Each structure stands twice: as C-alpha cells, then as structure tokens.
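# Results of the structural survey
Residue-level listing of the chains:
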Amino acid sequence: MVVLSQSSAAGVLALLSEPDPIFKQHALKSLSTLVPRFWAEISEHIALIESLYDNDDMPQDARDSAALLASKVYYYLGEYVESLSFALGAGNAFEAESRVPGSEEYVETVMSMAIDKYIELCAQEQASGKQDKVDPRLQRIIENIFTRCISEGEYKQAVGIALESRRLDIISKIYEQTRDTSILSYAMEAVTDTGFSLSYRDTVLRFLYPLFPRPTAGDGSALAHALTRLLVTLGDPSLTVPLLVSLVPKEKLLAYQFAFDLVEGGARDHLDLVRSQLPAGTDDSLESRSSIYHTALTLQNAFMHSGTTSDLFLRENLEWLGLASNWSKFSATAGLGVIHKGYYEQGMTILGPYLPQNGNESNIPGAAYSEGGALYALGLINAGCGTEISGFLRDSLRSAQGEVVQHGAALGLGIAAMGSKNLETFEDLKNILFTDSAVAGEASGYAMGLIMLGTAAEEPVREMLSYARETQHEKIIRGLAIGIAFVYYGRQEEANQTVKELLAETDPILRYGGVYTLALAYAGTSNNDAVRQLLHIAVSDVSDDVRRAAVTSLAFLLFKNPSQVPRIVQLLSESYNPHVRCGATLALGIACAGTGLQDAIEILEPMTKDSVDFVRQGAFIALGMILLEQSEAASPSLATIRSLYSRVVADKHEDPMAKFGAALGQGLIDAGGRNVTINLQSRAGSRNTNAIVGMVMFCQFWYWYPLAHCACLAFEPTGIIGLDGDLKVPKFEFVSNARPSLFAYPPATPPPKKEAVAKVATAVLSTTAKVKAREKRKAVAEGDAMDMDEKPDVKAEGDGDVEMKVEGTKAATSKLSKKEPPSESLPNLSRVTPAQLAYITFPSEGKYQPVRAVTAKPASARAGKAIKHIEEKAAGGGGILILVDRRPEEEAEFIQFETVIQQPPAEAAETSDAPQSVGSGPHIALNESAPEADVPSAFEVSFLCVLTTMIRVAILDDYQKVALTTADWSPFAGKLDIHVFTDTLLDEESLAKRLEPYEIICTMRERTKFLPPLLDRLPNLRLITTTGRTNRGIDVEYAKQKGILVCGTGGGGNATVEHIWALIMSVARYIVTEHMNIKAGNPQWQTVVPMGLSGATLGLIGVGRLGKAIAKIAKVFDMKVVGWSPNFTPERAAEAGVEFAASKEELLKQSDIVSIHMVLSERSKHIIGAADLATMKNTAFIVNTSRGPLIDEAALVHVLQNKRIAGAGLDVFDVEPLQFDNPLRVLENVTLSPHNGYVSTTNYEVFWKDTVDNIQAYLDGNPRSLL
C-alpha cells in the first residue's frame, strides 16, 4: 500500500482550536516536526501558538512545546531574536530538540545566538558592576553548553566561550579536571593574540598564572615557554622575581634558562626592575651574555656582517672609506655599530677614535659626521641594553653644539635607552627639539618616543603633538609622529583616541603617524578592526605617503600569521598607485621575513620588473628579507634572486633607487654572516620589541637613509648555544631530523674575477652574414676549407668532450644527492634556522639534555611534518639553551674561544692618515682629511661580485609551478637567468613584450603558440624546447629559417588513457553531479541513475595507439566497441579488436558513449558538427581529450543546453585556458578538466628532465632531440 505524503498542515492546525487540552498538546508536538515543510502555513497561526504558550492553564510540557514551535517558526521566518526568546522559554523541549535528527541547523543557530547574547550581557554586567543582566533561562542554556563541551572533550571551544563571556571559573574547572597545561596555554594565546582589551588580557593572565604548575628541568614540555610569554606580557616584577628566586635553590639551571628567555623578550623597564629586586647574588644571571651608492654599499656590508665584529672589508678599503663625505661619512661610521652590535664591553674602545673627545666636538672639517655617526653606532651596539652607556650619550647630547652630532647622539640615546621611561632623558631630548633644528629635531622626536616606548603617557604625547602642530619642519613633524606611535606601542584600545585625532589631521605627516600608531598599538594582534581601518586608509587617503604607510603597517599587525599576508595584499600589489604597490612589497617582506614563503615570492618577483623605480626597490628589499636563511633546496627562487641582485647592481644603466634596493636586498639575504633571521616575535611567542622598533625605523629610510641601520635591531641570531650550569660551552651533538640540504648554507659566493677589457666586436649586417655563410658552405663543398674553418670545429669537439665529462660528473652528483641522509648530527654552536627548529631533537642517550623543550611547539605537533612547513612562521631559531648533565661523573669537554685582533693591512696603514690607535684594537678609522669624492666605480663593481651576463631562460605556462622542482636545474646555477611564468598570454602584443629578452624558451605542449608573426618579434630567441615529440602550436619550419632550434622531449606513463577513462566514468556515473548535490546540501540523497557500462556501446572516432588502448579496457567492462575514421578499414578494425563502422553516421547512431582520438588538421577540424551531434542518441555522451576544434563547440553548446544528448566530458577546448564567459563553464551536463590528459607526475618528470638535457646540449654546442 502506497503511503501518501502530507500536503498540508491544516488538519493538525485545526486541533489547536479544540477545547480539549489533550488535542492541543498533540497538535503542538506534531506541528513541531512539520515546521520545515509547512512553516509558511503554520506562521499564519503564530498568534494562537503564542497564546497557548502564555496560557497558565496548559500543562508545562504543552507550554514548552508551544514555545519550541513558535521558536522554530520565527527561525524559518528569519526573525532570529524572537526565535531565541521563545527557545529560552521552551525549557526541556529545546534540549530534547537538540537530539532530533534534522534539527541540527536550527539548534546550532539558536545556540550561537544564545552565546552571543550571553557574551553581550556579561560585558554589560562587567561594565555596570551589577549582576542582573543575564536571563536565568539563558544562563541555563549556556551552562548546558559548557557541560556538554566538557563532557565531550571540546575543551578549547569551552575555553573560547568562557573567555568571551568572562567566565574564568570555567577555565579553572576544566584545568582541575584535566590537569592539561596546554589548555592554560591555549587560553593565554587566545587572550593575547586576539582582540581582547588590554585590561581584560592582564586580568586573565593574572588568573592563569597561579594555575600553571611550577616548572621542572627536563620535563620536555612547553611549560617554560608559556610561563616566559606570560611574564613578559604582564611585565610585572612581583611575579617574575618570586619565580626566579624560588627556582634558584633546586632548579638553578632552569632559573638561568628563564633569565635568558626573559632578556630576549622582556621590556627594558621590566628587566631593570627585576634586576633591582632580585636578592644579592642572583642578578648576574641576567647579565651573563657577555652619495647613494656609497650609502648602499656601506649598509650592505653592515648588514652582511651584523653582530660578527668582522670589519675586515672596511679595514682593507680605508682609502675608499675616507672618500665618504658628509652624511655618507655619518652612515659609514654608524655601520660599525651594526657590525659590532651586542659587543657591549668593547663598544667604547671600538668607536673611541670617532667619538667626541673630552666631550668636545672636533674642529676638523667633516669630523662632525663621523662623530655623530659614532654616537649613533654606540646606541646600535647597546640597543635596549644601554644602562651604562646612556649616561655618556646624555652627556654628549647636552654638550653637542652642532646639529649633526646632536642628531647622532639623539638616535643613539633613544635606541640604547629604549623603553627606559626615564623622564630626565626625555627632558634632555625635548630641549634639543625646542631648538627647532630640522636635523636634530627629527632624531629627538624618534628618541623621545623610544624612551617612553609603550607607556601611553598622556603628558609626553600632548607635548609632542603640540610641537608637531606648531613647527614648520616636515622632518621634525615626522620624527614626532613616529615617536607618538612608539609611546602607544602595545597599548591597544588606550591608543584609540589618539589614533582618531591623528587620522583626522589635515597634515598628511600626522596622519602618517596615526597609521603607525594604530599599527604599533595593536602589533601582533591581527585585530580585525585595525586591519579593516588600515585597508580603508590604503585606498582612500589623499596622501600617497599615508597610503603607502597603511599598507606597510599591515605587517606589524599580522606578523604572527604570515601566510595570510600575501592573500591580503595581493590586490594592493596590483594597484594603479605605485606607492600602494611599494607598501605591499614592504608588508610582505616584514611579515614574511625568513619564511621563504612562496606565495609572497610569487607576488614580489614580477614587481622587480615594475615600471616605477621605488616599487622595484621595495621588491628587492622584501625578497632579501623573505629569503633570509633559506637554502636552495627549500626555496627554488633563491639562486634566481641572488643572480638578479648581482645583475641589477652591476648594470650601470639601472636606475639608482632600484640599485639601492638590490644592494640592501643583497645585504639582507646574507645578514649576520647568514646566521641571523628577522623575527618580530620572540621564541616564547611574545612580541620582539627590538625587532618591531627596528623595522619601523628601517621603513623610514624612504625619507632618511641613515635610519636603515636600524634594521639590525630585528636581526636575531639562530645558533643553538648550549651552556651548562657554570655557563660554560660544552661539546655535544644534537640531531636535525631533516635532509641536510634543506637547511644548508647557500654556496659561498665566488670572489670576483678581474677580466680584461674585451674589444667590442665589429657590427655585421645580417645580409652580410648570410652572404658570408653561403660562401663558407660553398668553399667547404669544394674541399677548399681554410685553416680557420677547421680550428673552431676541433676546438668545439674538444670543448664538447670536456663538457661531457662535467655533465657526467654532475649526473653522478645528482644521483648521489638522491641518497642524501634523512638527518644529520650538528655540534654545539651550530646554526639552526626557525623552520629547522621543529626538527631538532637531543639523543635520549646523550650526556646533555635541555632543561626545557627546544621549541614552544609540542613534540606531538611536530612529528611527521611535511617539508612544506618550512614556509610557516617560527618564533626564532636556535637560542641559548641551558643543559642538564645527565652523566656528571664523565669528564666534560668544552669549546675553547680565542679573541683574534685583526690588524689593518700594511698598505692601508701606511697610506692612511688615521690615528695610530687604529692598529691596537679591533676597529678602523676614517681619513678625515681625505678629499671628498664619489665611490670609485671599479671598487663598487668588484665588491658586489658582478657576474658575467647570464643567458635568459623563460619557462612558460607552468600552471602547477613544478618545472623547477621536477628536474635538477642546479647545473645551471650562475649560468642561466631563469624566469617562470604561470599564466598564458593570448594577446600577441603582450606575449612578444614578455618574451623579447629571452634566448631560450621552454614550452609546455601547445599552451602557447609560436607562429611566424610572434617569432618575427623575438630577436634574441635561439632555442625553443617543447614537451613531447610534436607540437603543432610551433611553426618548426619557419623557426628553422630564422635560425631558431626547436627540441622535443620524451614522455612517460599512460596519463592520457587514464584521463580518458576518468572522464568516461565521471559522465557515465554522474560523479560530478552527485558530488555537487552533496556539497550543496541537497536533501535528496540520490538524484540521477548512472549508465551501466556492461552491454553499452563505445564508439571510437580514431582507432590509433590511444584508441586501441581504450578498446582493450572497454572489453573488461563487457562493452561493445565500434570504430571509425576517414581512413579506417575492416582489416585495421580486426587488428584493433573493434567492430568496423562503415560510416560516421552509423557509429554515432548506435553509440552510447563517443570518444574522439584524432589528430587536428584542416581536414579533421569540426569532424563532429551540428548534424553529427543531432544523429547521436539523446541518452548518449561524448568525450573529447584530443583537441577542442575537432568538435564544433557552438553546436555542442547548443545540444547540451537543449539536452539533445545526455552530456559531455571535455578536456580540450577551442581556446585555452577556457574563457571565463564560455557557456560550457555553467552547463550542468558537462564535466570539464583543464587539458589534463597528458599531465601526470611520471610524464612531467620525463618532460622536464629532457628539457634540462636539451638546454645543456644546446649550451655544449651539440643540440639534441631536434624536431
């Protein structure tokens, strides 16, 4: 008997009017299940339903049912507030509904609204101090949510709700039940990294701190990292000092470790207070670590040797250094501070010859610049730790009379005393500011902000802002604007009012400061409102400077989530406004620094070719930051970018700004001797204040080059430094569980070679060359070849033999590299990059073990990580590790250190007029009396390691971005300048412009066509290497006429056969149709009936190699196979094992599936036309994996739109990539794939390996695989 489906709720609704309550109660429960289908009809009786809920005479169960019914009706009406109100009144009925299948979406929506409402009311209670805002019924639902989350183990969800609703008791309850410290760490990260207010954040952290268990050495957990981050964030000595004191008696090693970790991330005033409050005998643990081209070169050298104390380059080039004039001299001297950064003990000794003597400025012309630079350098050496040096800098500032020395003293003082909050120092700087000197006032503005870093002090900000509005000097206004931003560093909502005032200013420089104030106030929080505000400014402000700053500032908000930054700035990087594009480059560079993030590199690489010089400059700098400490194995772009830097710097015709950017990028990519990274968060996960300040100051180089030195504040050493309990450095080894090449140092840069000036070849007209070539061929044919004709052949043959040996060696090396060990042992004091840290383990049997986990990430989360995770941001690499000696009875071996004093070369010492003290210490001196001059061009070229011009190679249409990783291109490092393009240009004008510079072009099948009009516009093209043995998209004969070689490759696997059957099965089984139905939430579980292949007829149009393979597989499915082609015969049909169709019409009439396997030609074009499609069964499918034009596409679209056939499976199209407006994209009865018929890992490996071999053969002069 067939059960009829219900078509109306009228019968049940009628029962609501019955006088008997039993009928009403039954109707309410029945209607609840009918709401999803008949909610519109039921909504007409909503007043009656509400009255039943309000009727006190009804049983409680009936009233609950009425409330639930009303709630569900309002839900479907979109009245969510009313829905929640009645759900609260439904009581037990709502709880029961949560277990009813099909009600999940309704219940989840109401629960989400309940949570939001509860959070809102709790916030109101918090603000008013009254506990009467929350409806008890709502409270009950929330308590049930907490109970359910805890019982089901959804602790993080419960913690999230608890934090939002200020229910800290829930966090305590969960921890008491689980004793899982990761729950506490999660709560800490949630409250510090999201948009909670500063006051609430501190409240939560203070609540969490007592819950954390006391740490113990060697437990292997991330507890020490979590506690360090909590203490650094709170900055409260009353918590820090007792912890350190309690650890010293029994956990002395762990106390040392905490001390080192606190110094790395702690604010200056916090550390000073901790040190002053520690009992006598414990404070030592905190002090245990003992012209534009000239400027560009100085900065490059400083960055490369930052923190290494290696000033050999400067010592060997004293004469060149002495030619520096004015501010170049200032920058050169300040560079010593970058090189000797952190060398606190010897800072004064190193800079002694340049500092003002006895507090007085020198009268030597130009000396003020070296004296000012030396004071600035002294601040850089003691950055953030200059307690002792601050007094000297203050004295120098007060006694200085010249603005240059005042400028250097102010910058040095601000950096050394950063965050000290010393009001006397602030007053000294304010006095310099009030002299209204543009040069000294700008530095004072920066320094005032640095001194009051993160204080949100209202009075200093009022004074700074007042003076900024009064002065006429743009430099002073800019210094004060950034200074104000520093004052509000990390203060979040406390900065909102000041930000609002600054952004409303008419002066664009103050708005510029408002942007940085917003960014620094919410640094590292990823605050949505702040990000939204910056994006709005980036596209709406009338000042280019402000817009650029807004985009750059995104980096300071989002540096903890670097993988999100490329997505956010992608469109900005394509802006019509070059300043916005420039800001996008720096945002990517700062946020993604040291990650090697490929998404960021792919955005930046095209920007190195931007038409605007300062955009190119920004791209070069950003790439240097991103590729910092990357290996060629981890970042395929590394070698290309390095060669690009060399080429740009060497090009005498390149614009100065781009050369400056390339020089800085070259310095950044090798910063600190390739042993440092740039990281805006500490290893414990807190903000790295020095790094953030350094990057903000560095960004100001746009206006003032000497500020670029501040980038060194962001350089973090990445060596693992293991210390024992006596703070000695023992010998031991640890394991890096990754391939050595993945984190290896890049190959050493070869020293530049002095090349003799070659005579320029005489220009020869092409017509003359052709005549000579004909005469030469004629002479050879007559047997009268001259000696000079034979010698090149002999030489070429010899060269070929040598190259074959080299190639064989490289091939052998390549084979060996495949057997690279999966791990390596590293000694103490080895470099460990941030990404490598996740792979570091200490052997369990080792003598030494760290007192805390090496990284904050739990070991379970690190296990089995794929190599792609090297792109994820890690909070610093390496670091100081305190070690427990597990076998103290064994004698320990220690690493011995020697201090090597480098003397200046004898020649330099003799020719220099520098003070004699130079030779007695690790420092150099400037020649103050040397004549002012530009940098010698020969020296500039040789230092920057200019390479000979490399052959330019273009790899086209690399959609999957695998060309450089599927084959070994390393033999071409330094020889080829390779550019990869992942898009296809169909416009000939754009394509010709893109490809014009390239000598070698690598193509992927027929994705890009090379026909005569295009070939005529590529004067440099000498080789086209295509994948596969044929390519009908290349006019090979015409290419030969133009002297262009065309090579092909082999192939591998059965990708096309596999793909043909994938399409046949997809269309026959309606895989895509049902997939989309399930994904879209279609309540109808099955919607179509697939075709059974057994007994069906497969028609093959073209029965060649592919057709035969398809027929063989079809027999496995018990299909009938028929074949036809214009030249097909019964004999060939029998040989292929298929039935012969006498005509195309005969095949189409009987086939259930038609598959095309023809070669495209003028004769075969549209071999399937409108008439042929009309002949097919209306239940038949057509599949095309050969070439798009074999089918009349317009006719096919027409029959598919009108459902004259069942459907189609297409891998090829008339125009590829398929246009976005092509109707095939939206038809439901067609399954599409992007010409994947030949794509497979097996095929690509052969394609690209053969491509590499073809290029090598071309370079050797023996081209192979010619078409």
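This text follows the structure it describes.
All values derive from a computational prediction rather than experimental measurement.

## Focus on the environment of A27
- Locating A27 in the fold gives a position in helix 2 (residues 21-43).
- Using a relative accessible area of 0% as the deciding quantity, one classes A27 as buried.
- Between the alpha carbons of A27 and G11 there is a distance of 9.2 Å; along the sequence they are 16 residues apart.
- Non-local contacts of A27, meaning those with residues more than four positions away in its chain, are made with V12, L15 and L16.

## Description of the sheet that holds strand 20 (residues 1230-1232)
- One open sheet accounts for seven strands, arranged 16-15-14-17-18-19-20; its pairing is parallel. Either end of the sheet is taken by a strand with one partner, and the two such strands are strand 16 (1139-1140) and strand 20.
- Judged from the five bridges that link them, strand 14 (residues 1097-1101) and strand 15 (residues 1120-1124) form a sheet pairing that is parallel. In the strand pairing of strand 15, L1098 is matched with V1121.
- Sitting on the sheet, helix 50 (residues 1055-1068) is in contact with strand 14, strand 17 (1153-1156), strand 18 (1181-1184), strand 19 (1207-1210) and strand 20, with an inclination near 155° to strand 18.

## Some words on the packing of aromatic side chains
- A complete count under the given rule lists 29 aromatic pairs for this structure.
- When the ring of Y74 is compared with that of F86, the centres are 5.7 Å apart and the planes differ by 15°; the resulting orientation is stacked. Highlighted residues: Y74 in helix 4 (residues 60-77) and F86 in helix 5 (residues 80-89), separated in sequence by 12 residues. For the pair Y74 and F86, a shared accessibility class is recorded, and that class is buried.
- For the ring pair F743 and Y839, a centre distance of 5.7 Å and an interplane angle of 45° mean the geometry is tilted. Of this pair, F743 sits in the loop between strand 4 (733-736) and helix 41 (766-781) while Y839 sits in the loop between strand 5 (824-827) and strand 6 (840-841); the two residues are 96 residues apart in sequence, bridging distant segments of the chain. Assigned by exposure class, F743 and Y839 land together as buried.
- Between K728 and the ring centre of F894, over which it is positioned, the NZ or CZ distance is 5.3 Å.
- Looking at R952, its charged tip hangs above the ring of Y998, at a distance of 5.2 Å from the centre.

## Comments concerning helix 34 (residues 578-591)
- The end-to-end C-alpha separation of helix 34 is 20 Å, in line with the 20 Å expected for 14 residues at 1.5 Å each.
- Counted residue by residue, helix 34 has 13 buried out of 14 residues, so it is predominantly covered.
- The opening residue of helix 34 is N577, an N-cap whose side-chain oxygen sits 2.8 Å from the backbone nitrogen of H579.

## Re the sheet that holds strand 6
- Pairing within the open sheet is antiparallel, and its three strands lie in the order 5-4-6. Sheet topology places strand 5 and strand 6 at the edges, where each strand pairs with a single neighbour.
- Inspection of the sheet shows strand 4 paired to strand 5 by four bridges, in the antiparallel sense. Looking at the pairing, V735 lines up with S825 of strand 5.

## Quick word on unusual backbone geometry
- In the segment running from E1216 into P1217, the intervening peptide bond is cis, with an omega of -5°.
- Inspection of the secondary structure puts P1217 in the loop between strand 19 and strand 20.
- For E629, which is not a glycine, the phi torsion comes out positive at approximately 60°.
- In this structure, E629 sits in the loop between helix 36 (613-626) and helix 37 (638-650).
- Relative accessible area serves as the criterion here: at 7%, E629 is assigned to the buried category.
- A positive phi is found at K1203, a non-glycine position, where the angle reads about 55°.
- One can find K1203 in the loop between helix 56 (1193-1201) and strand 19.

Thresholds applied
- Residues numbered from 1 in each chain as written.
- Predicted model: local features only at pLDDT ≥ 70, side-chain atom pairs only at ≥ 80, totals over all residues.
- Heavy atoms only, no water.
- Helix = DSSP H or I, 4+ residues; strand = E, 2+ residues; numbered from the N terminus.
- Buried < 20%, exposed > 50% of the residue type's maximum accessible area, 1.4 Å probe, protein only.
- Contact = heavy atoms within 4.5 Å.
- Pairing = 2+ DSSP bridges.
- Axes fitted to C-alpha atoms, helices over the stretch in contact; angles between N-to-C directions.
- Phe/Tyr/Trp six-rings, centres within 6.5 Å; stacked < 30°, edge-to-face > 60°.
- Lys NZ or Arg CZ within 6 Å of the ring centre and 35° of its normal.
- Expected span 1.5 Å × (residues − 1).
- Polar contact = N/O pair within 3.5 Å; in protein donor to acceptor, adjacent residues only side chain to side chain.

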